[in-house]
Structures are given as C-alpha cells and as structure tokens.
Amino acid sequence: MSILNLLYNPSKRVIGNLEKKVAEINSLEEKIKKLSDEELKAKTEEFKEKIKRSFADAQDDIEKQTQILDEITPEAFAVLREAMRRVWGERHFDVQIIGGLVLNQGKIAEMKTGEGKTIVAALALYLNALTGKGVHLVTVNDYLSKHQGEGMGEVFNFLGLTVGVIQSNQESYKFVKKTDYKHYSDCDGSNLELCSRKEAYAADITYGTNNEFGFDYLRDNMAPSVEQCVQRTLNFAIVDEVDSILIDEARTPLIISAPAEESGSMYAQFASLVPRLKNEVDYIVDEKDRAATLTDQGIKEMEKMLHVDNIYAVGGLAMVHHLEQALKAQTLFKRDRDYVVRDGEILIVDEFTGRLMIGRRFSEGLHQAIEAKENVEVKQESQTLATISFQNLFRLYKKLAGMTGTAVTEAEEFFKIYELDVVEIPTNKPVVRKDFPDQIYKTEEAKFDAVVASVKEMNDNGQPILIGTVSVAKNEVLSKKLKQAGVKHEVLNAKQHDREAKIIAKAGLLGAVTVATNMAGRGTDIRLGDGVRELGGLHVLGTERHEARRIDNQLRGRAGRQGDHGSSQFFVSMEDDLMRIFGGERLKNLMNSLGLPDDMPIENKLISRSIESAQRRVEGYNFDTRKHLVEYDDVMNKHREVIYKKRRAILELDSNSVILNEVKNPDNDERSFATAQDDTKNLKAEILDILDEEITNIFGLYVDDEAKITAELRTILGDIDLSKLDDDAVKELAHELYHSREAKLTPEVMRTVEKMVYLRTIDMLWIEHLTTMDELRTGIGLQGYGQKDPLVEYKQAAFRMFEGLLKSIESNVVRTIFKVEVSINQPAPIANIAKAEYTKPDADQIGGFQEEQAIRNEEHETRNVEQKMMAESKNLDQGVTTRVIEKGKTVYDRMKESAASGPVSQVKNTKKVGRNDPCPCGSGKKYKKCHGR
C-alpha cells in the first residue's frame, strides 16, 4: 500500500529524496552554533567567494551553477537557521527546511496557514542571493512587502546581505539598522531608509509587489537612457501567494498608458437609454461567459430611441461600441460587488481578495460606461504605451518558485503554463480543525437567517467567529441582520480596508464576531485569545461557495493554524451564484418536489458532490480561458522580446560606439544598422530612382532631375553613372553619404543623434503595433465562421505584421537620420535646460480591465515623445539639441545657415511644399506631377 501511495503522491517522493539533505543540515547545527556573530557573518563572504570562483569556471553553464549551489546548500541553510534563531528566537523546523529546499529547486511549496512561509522563503533567498545576481520576493500588497522586507532584513543584515523594498507609490527603501525590536511583529518601518529605485534593486534581496516588479520592467524598456533603468537581469523570484498572482491574476496584463482622446458625451447618452431595455426581450445575459448581447428587437428599440434607421450605418463602430459597453456596465457589473463608488470615483473590487484596486480602471471604455451609469465624472480614455501579462512577466526569470496554502487543485495549470511542480509540505503539527458538512438551504433569505441564528448561539458561549462573504453588498446585508439580532460585530470589506490589520488582530479574541469578504483569507494570521482554545478555537463560517475550491480552503485555513483547535462550515443556498449558474435550478426543483420548507437545511452527499462538481467545471472553464489567452499572448510576447532586446542593445552603447557597425538585429545574423540602412535591394532602387520620390525621402534632397543634384552629393558621386551602380557601389555610396554627415556633425554628436532617432522610432512604431495587434485580436474570432482556426490565422497575420514592423523601423531610421537638423546651443544651466526640454506628466495611475481582465495602468513618467511631431534629446555637456524634421531644406543647407549665423537656441522647421507632397491646389496629384512641373 505504501508503494502505491508513493506512486500516486509525487510530493512524498520529492520529500523522501530531500530528507537526507535535511539530516545533513541538522548535523551541522551544533558546529554552526559555536560560531561567534562575526564568524557567522563571515560565512556569507566565504560562500560568495566560493561561488564567484566556481561560476567563473562554469561561465553560462546553468546546470553547473546549480550543482555549485547544491554543494553549499546544507551549510548555507544551517547558517541562515542559526541567524534566524539569534535575531528572532525562531528555529526552522525540519518541515520548514524541506520547504526551503523545494523553493530552491524552482518548485511551488504548498504550506498550510501559519506554517511560517516567510521564514521558509528566507532560506532560499539567502542561498540564491549569494550569487550576487539579485533575488526578488514577490508579495500581493505593499504592507506585506514592507513588513517582510524589514523583518527578514534584520536577519539578512546580520549575515552581511543588503535588502531593498519597493512600493507602489514610487517610494523605495533600503534596510539600515537603527532600532532593536523584541519581536518580528513589532517592525514598524524604523529600520527602512528611503533610497532610489535603482539602489533598492541593486540590493542582494528585493521585496516588492507583483505590480511594481512588472511596471518597473516596462518602464526600463521605455527609458531614454541606461542610467534611468533600475532593474537588473531577472534572476530568481519567489512568489508569495503564488496561486493568487499566477492563477487569479493571470488574465491581468500590466499596462503603462498615456491620455488619449477626450471621452465624448455618448457614454452619458447610452447610460440613460440602456436601462429602458428589457431583459430576455431586448438583450440576453450569459452569466457563465460574462456576456450581454442585444437581440434584433433590442437593436430596433435602440434605433427607435436614437431616432435613426440603422445604428450600424449612422454611428459606425463608435456608436455600437458605446452601446455594448453601456449594456455590460448595466447588466454585468454590479455596485458593491464589482466596484464601489467613493468620493466621486469608481474603485474596482478584487473578486478574489475583496480589496480595493486603487488606481486601476476597466479598459476599452467600460470604466467610462460605469462612470456614466453611476453619474460621476467620466474620465479621459488612454492609449497603451507598453504592456505585459503576469504569465509572461514571471516566465522571464531564470528561476522561479512559489509558495501558498492552496496550490494542489491548480497543479496541472502550474505545470503546463509555468513548468512548476507543486509539492505539499507536511505541517509541523497535525491539523485538528473540524470541517463540518455544508448546510444547504433552498433560498438565500433562509440561509442568512440560519447564519444569524448559528452565530448568535456560538457567540453567547464566547467562541470567536469569522464569517466569510463573497461581496461587499452581501457583507453589508448580513451585518444589518446581525445588528437586528443584537450581535455585536466588526465589518471588514473593501470600504474598511485601511482598518484591516486592526480588525484581524482582534478576530481571534474571546467573543469576537467578524464579518469579512475574502480580504481575511490572504496574508493574515489570526491568533487565538486567552480561553478560546477551550471553547473550540476560532470558528469559520462561509456564507457561500466560491467558484474555486482553493478560495474556500483559504477561508477554512484561517482556523486551526499550527495545530490550534478550530472548526469550519459553509452555509449554501440554491440561489447562490455558483449553484444558480451551474446547475442549482435542477436541485432547487428537487427540493421543491420533496416539499421541504425554506428554513430546513439538508446535508446530502449527492448535493455536496454536485457543488464540488460545479466548482470543478468552473475551474476547468477558467483554466481553458487562461490557457487560451496565454496562447495568444505568447505571440505578442515574442514580438516584445525582440523589440526590447533591440532597444536595450541601442541603449547600452557608450558614447564611443558606432551604431553604424555595432547594432545587430535580434536574430543574431550579421545585419547591422549599416546593412539595414543599405539593404541592397531597397536602397539601390531608392538611389537609382533619384528622379522620383525616394531620394527625397531618404536624404532630404529636393531635386527635379539629376543635373540639379546638390553640390555636396555630386562631390561624393563624382562622375558615377547612377544607372550602372552595382550592389557594392550602392553600399559604398550610402556609407560615403553617412560618413560625410558624421564628419560635419562630429562623431560625438552623431552618436547622440543616432540613439535618439533609433529609440524614438522604435517607441513610436511599437505603440502603433500594440494598437494594431489589439485590433487584430479583437476581430480574429470571426475567422471561426469561415471554418478557420482563429489562433492559426492570428499567428500568421501577426507574423506578417511584425515583419512589417521591423522593416519599418529600419527604413524610418535610415530616412530620418539623413534629415536630422542639429543646432549647437550655448551651454545653459542644467535646471533651465531641464525645464525647457521636459514637462513632468501627471503621476496619477490609470488602469483597467480588458473586459474581465484587469489592466493596471500608470501615467508615463517621461514626456510622451510618441505624440510629438519632432523628437528631442539633450546633451548637457555640449549643449546639443537635435530635432527631426520631416520636410524642408536639405540638411546640408541648414547646416550652412546655422554655421553662418553662429550658435542658435532653436531651429524652426520652415516647411515648403515637397515634390512628393499633395499639391495645394487640391487635385489629389503629387506636387511634382501638377503645379510643381
């Protein structure tokens, strides 16, 4: 039987293999205890030096480097365990050592509530930080990252490692020992000192939220210089509450955006019209798929209200879009469930934690539609500048691990998408919590009445009770009923999130009753007060089953921590969302046929299995949705990797580098900026067609025929017969033209110009590509009606679009580089130049959801160069300002004018009609073919 158990429980096999290493770590304990504090701290430098020497030999051999870390693991873990004992008086149990080993292997450790995940993570963090490459501990909120960063910073600082903490308000901290605490829970931030973002990331260990690690990654890939980049290479990360971040928020792309067009009055118009439509007549709501669709009757009714014959013809896509968003806002998104209204703002409520998602907004106009529905100010829409999903963000790390109390039910998804195995870590003490069978009622009203009666009975005995609800609205309904029954209680939901810590701290005291949303199920430990154990410990009462079993398990896990007594029970009704949407009607009819009164609960295995079956179906459905999304997002991720790699290569070139020779394409072939510039086929056609438009577009020259070529170009060309140029001659000509420009501008100025032009071009075209890809994805599903696989069609179309993007980048850079005008300014005080060149944008965050997918947005922290007609850059040492002009005189003519007039503060673009511009007469012909003859 034990063999079969091992075969069907992979966690036991993993743990069995690790027990020898645990024994080895334990054997070193007495030896390490004999070391003085200084000798213990010196072990860190000893480990670092050994790793440095070994890694130098291993180079990029990841397998060899892993082997080196494995060799020092026993002693390193023993050192960290001893440091933890000396600093906080806590010694790691053997099961916690196993948890640390699992994390170091790049796996997910499932550990029950109260088993000490924070100090378990410290083991793997310390070991991997010894490499000097930086490690990240990812938390779900700022409070945890700051509290854990300071608490564990005490231990890491004791061992000579540095610790940084990043926060969502752009504040960053480093650990600096100033205050002695008696206990880990006493940490109040006194040992955290403000520092730069870059310094926080330069620390050996950095604590922060998933949002901030993601936003900083995107910001770095929009930075105008290397100095403004803050992150190092993404080396190793441990994700706390890994199921929340990698599963619940997997459909949550992070987005950095800038203001787009102003919102129109149509949001308010449709917000007033949609409520007049009738459900099941004018529109149909599918709660399972979270979709609302107009019927033919509904379209006719809306056209009648708008006084139009055909809404699709009259208003176009814009009017239809506003109508669809207004319908979603009215039918699918409920106040005090999906969002709350506070101080004239719509604040999104996280469905998994119940917390407010400050600074985040629904996307695609949905947030504006909800604002119009609730009659608050309709805010401006936004344009995406950069985006990445959590799925792709965390797959960028060379090694990834995670920990949570509930992961086994999602083990398949963790492995298929992230290649992460889940290992169940045994508890240090047996779990003695009693989980009672569900109480099932026919109606929600009867269920709530039964909850109140049960709570009152237990409360009279003094037993503390934690009541879990699924929404703010139901939280408040139950609170009202408890007040009417005379039960004193605390309410914890998104509206009281600032009091969360204080409320939870008292939830385990004698006689306490706490009514909470899912906020109480994450990142908190409820300690029992005096005399509570004798009463049976904390009792958890769930008022509804969640779609995911692990959310229910998280709520149960609030009771019975570390071997404490406790109990749990769920009260369910056939009118609950889960049962109503996924088969509850059939069971409700069965209860009616049996003649059961509303207030009579049933405990039936068939119904209990039905509930679990519904949860499994929902979990499977959500998994398929996330898998489907990642298949599409992987396409965009490949594009992102190529563009960001290309951009970083340009960014990291020093002032002496020559982009002409050194910037390689991402596919690592031998094409450089030079060969992209002189792509033989295209450039030859452009030069040979000198009488047509390309010579104008590339070199900024305005000529009517070959005889009128400017003297500068003729000097280079000599007596060459353009019609007989071969490929090599074309390349040579392009280089001559380029080096002629460089000689006039000086190499230093040319390097600045090259970087600015290349970065500006990439950023501008990448933003356009993001919009185009989003539009492609929105409509690609229609391919299914033509018996085509939408994903295959999407990949093919995306490939063609990306090829076009790369060609456009190279082409635009070449065309622009020959039209850059440079004026040499007298050096001005840095403050004045900065003031003139840059305007600090609004720091407010803009966020959103893509339909059901949360999108977190922030205002871009540098100027939005993509929306300007001219790109700007500055060189404070030389006082150089460069501007890109689209049309006008030749570059050489402008340089002569600049030289003749001396240093200038600004160069204006005196635009004339170009030969290839539309003729001003309005004929629609090019100027050269019309009045330019």
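What counts and how
- Residues numbered from 1 in each chain as written.
- Predicted model: local features only at pLDDT ≥ 70, side-chain atom pairs only at ≥ 80, totals over all residues.
- Heavy atoms only, no water.
- Helix = DSSP H or I, 4+ residues; strand = E, 2+ residues; numbered from the N terminus.
- Buried < 20%, exposed > 50% of the residue type's maximum accessible area, 1.4 Å probe, protein only.
- Contact = heavy atoms within 4.5 Å.
- Patch = residues over 30% accessible without salt bridge, like charges linked within 9 Å, V, L, I, M, F, W, Y side chains within 5 Å.
- Areas by Shrake-Rupley, 256 points an atom, 1.4 Å probe, with all protein chains shown as cover.
- Salt bridge = Lys/Arg side-chain N within 4 Å of Asp/Glu carboxyl O.
- Pairing = 2+ DSSP bridges.
- Axes fitted to C-alpha atoms, helices over the stretch in contact; angles between N-to-C directions.
- Core = buried A, V, L, I, M, F, W, Y, C linked by side-chain atoms within 4.5 Å.
- Arc of directions from axis to C-beta.
- Polar contact = N/O pair within 3.5 Å; in protein donor to acceptor, adjacent residues only side chain to side chain.
- Phe/Tyr/Trp six-rings, centres within 6.5 Å; stacked < 30°, edge-to-face > 60°.
- Lys NZ or Arg CZ within 6 Å of the ring centre and 35° of its normal.
- pLDDT = per-residue confidence, 0-100.

### Comments concerning the overall build of the protein
Logical step 1: In terms of helices and strands, the protein carries 35 helices and 28 strands.
Logical step 2: Per-residue burial for the protein yields a buried fraction of 54% across its 933 residues.
Logical step 3: Within the protein, contacts between residues at least 6 apart in sequence are counted, and of these 74% link residues at least 24 apart.

### Comments concerning the environment of Asp460
Logical step 1: Relative to the helices and strands, Asp460 is located in helix α19 (residues 444-460).
Logical step 2: Through-space distance from the C-alpha of Asp460 to that of Gly511 is 7.8 Å; in sequence the pair is 51 residues apart.

### What about a nonpolar patch on the surface?
Logical step 1: Side chains of Leu590, Leu594 and Leu606 sit close together on the surface and give an oily, nonpolar patch of about 290 Å² of accessible area.
Logical step 2: Along the polypeptide, Leu594 turns up in the loop between α24 (584-593) and α25 (605-651).

### Concerning the sheet that holds strand β12 (residues 345-349)
Logical step 1: With antiparallel pairing, 3 strands are arranged side by side in an open sheet as β11-β12-β13. One side of each edge strand has no neighbouring strand; the edge strands of this open sheet are β11 (339-342) and β13 (356-357).
Logical step 2: Examined bridge by bridge, β12 and β13 share 2 bridges and lie antiparallel to one another. Residue pairing for β13: Ile348 is matched across the bridge by Met357.
Logical step 3: Its contacts with the sheet place helix α16 (residues 366-373) against β11 and β12, and it is angled at close to 120 degrees to β12.

### Let's talk about the sheet that holds strand β4 (residues 172-175)
Logical step 1: Taken together, the 9 strands give an open sheet; going across it, the order is β5-β4-β3-β6-β2-β7-β15-β1-β16, and neighbouring strands pair in mixed fashion. Two strands lie at the open edges of the sheet, namely β5 (192-195) and β16 (422-424), each paired on one side alone. Each strand of the sheet is rotated relative to its neighbour by a mean of 25 degrees, with strand direction disregarded.
Logical step 2: Pairing analysis gives 5 bridges linking strand β7 (residues 236-240) to strand β15 (residues 399-404), with the strands arranged parallel. Within the sheet, the bridge partner assigned to Ala237 lies in β15 and is Leu400.
Logical step 3: Contacts between helix α8 (residues 142-158) and the sheet are confined to β2 (135-139), β3 (163-166), β4, β5, β6 (205-209) and β7, with β6 contributing the most and set at about 165 degrees to the helix.

### A look at the nonpolar core
Side chains of a nonpolar character, in soluble globular proteins, are inclined to be buried together.
Logical step 1: The biggest cluster of nonpolar side chains holds 76 residues, and the ones touching the most others in it are Leu218, Leu246, Phe394, Phe414, Ile643 and Ile809.
Logical step 2: Of all the elements, helix α32 (residues 747-779) adds the most residues to this core, at 15 residues.
Logical step 3: Discounting chain neighbours no more than four positions away, the residues touching Leu218 are Leu254, Ile256, Ala386, Thr387, Ile388 and Tyr644.
Logical step 4: Grouped together as the second largest cluster of nonpolar side chains are 64 residues, Val14, Leu101, Val165 and Tyr173 included.

### What about helix α12 (residues 266-273)?
Logical step 1: Regarding α12, the residues found buried are Tyr267, Phe270, Ala271 and Leu273. One face of α12 carries all of its buried residues, which in axial projection span an arc of 165 degrees.

### Examining the side chain of Gln615
Logical step 1: One can find Gln615 in helix α25.
Logical step 2: In this structure the side chain of Gln615 is engaged in a polar contact, spanning 2.9 Å, whose partner is the backbone oxygen of His546.
Logical step 3: With residues up to four places along the chain from it excluded, the contact list for Gln615 reads Arg545, His546, Glu547, Ala548, Arg549, Asp552 and Leu578.

### Quick look at unusual backbone geometry
Logical step 1: In this structure, Gln170 is a non-glycine residue whose phi angle is positive, near 70 degrees.
Logical step 2: Position of Gln170 among the secondary structure elements: in the loop between β3 and β4.
Logical step 3: Exposure remark for Gln170: the relative accessible area of 37% places this residue in the partly exposed category.
Logical step 4: Here the phi dihedral of His307 falls at roughly 60 degrees; this positive angle occurs in a residue that is not glycine.
Logical step 5: Here His307 is to be found in the loop between α13 (296-306) and α14 (311-314).
Logical step 6: Its relative accessible area of 72% is what places His307 among the exposed residues.

### So, the packing of aromatic side chains
Logical step 1: One pass over the full model with this rule turns up 10 aromatic pairs.
Logical step 2: With a centroid separation of 6.0 Å and 15 degrees between ring planes, the pair formed by Phe394 and Tyr397 is classed as stacked.
Logical step 3: An aromatic cluster of at least three residues, connected via ring pairs, comprises Tyr217, Tyr644 and Trp766.
Logical step 4: The ring of Phe570 is capped by Arg545, whose NZ or CZ atom sits 4.7 Å from the centre of that ring.

### Remarks on the confidence of the model for the protein
Low pLDDT marks stretches whose predicted atomic positions should not be read closely.
Logical step 1: Averaged over the protein, the pLDDT score is 78; the fraction of residues at 70 or greater is 75%.
Logical step 2: Note on residues 700-710: pLDDT under 50 across the span, and 33 contacts to partners over four residues away in sequence or across chains.

### A look at the side chain of Glu544
Logical step 1: Along the chain, the position of Glu544 falls in the loop between β22 (538-542) and α22 (549-556).
Logical step 2: Using a relative accessible area of 7% as the deciding quantity, one classes Glu544 as buried.
Logical step 3: There is a polar contact of 2.9 Å between the side chain of Glu544 and the side chain of Lys474.
Logical step 4: In terms of polar contacts, Glu544 uses its side chain to reach the backbone amide nitrogen of Asp577, at 3.5 Å.
Logical step 5: Excluding residues that lie within four positions of it along the chain, Glu544 makes contacts with Lys447, Val470, Lys474, Asp552, Phe570, Phe571, Asp576 and Asp577.

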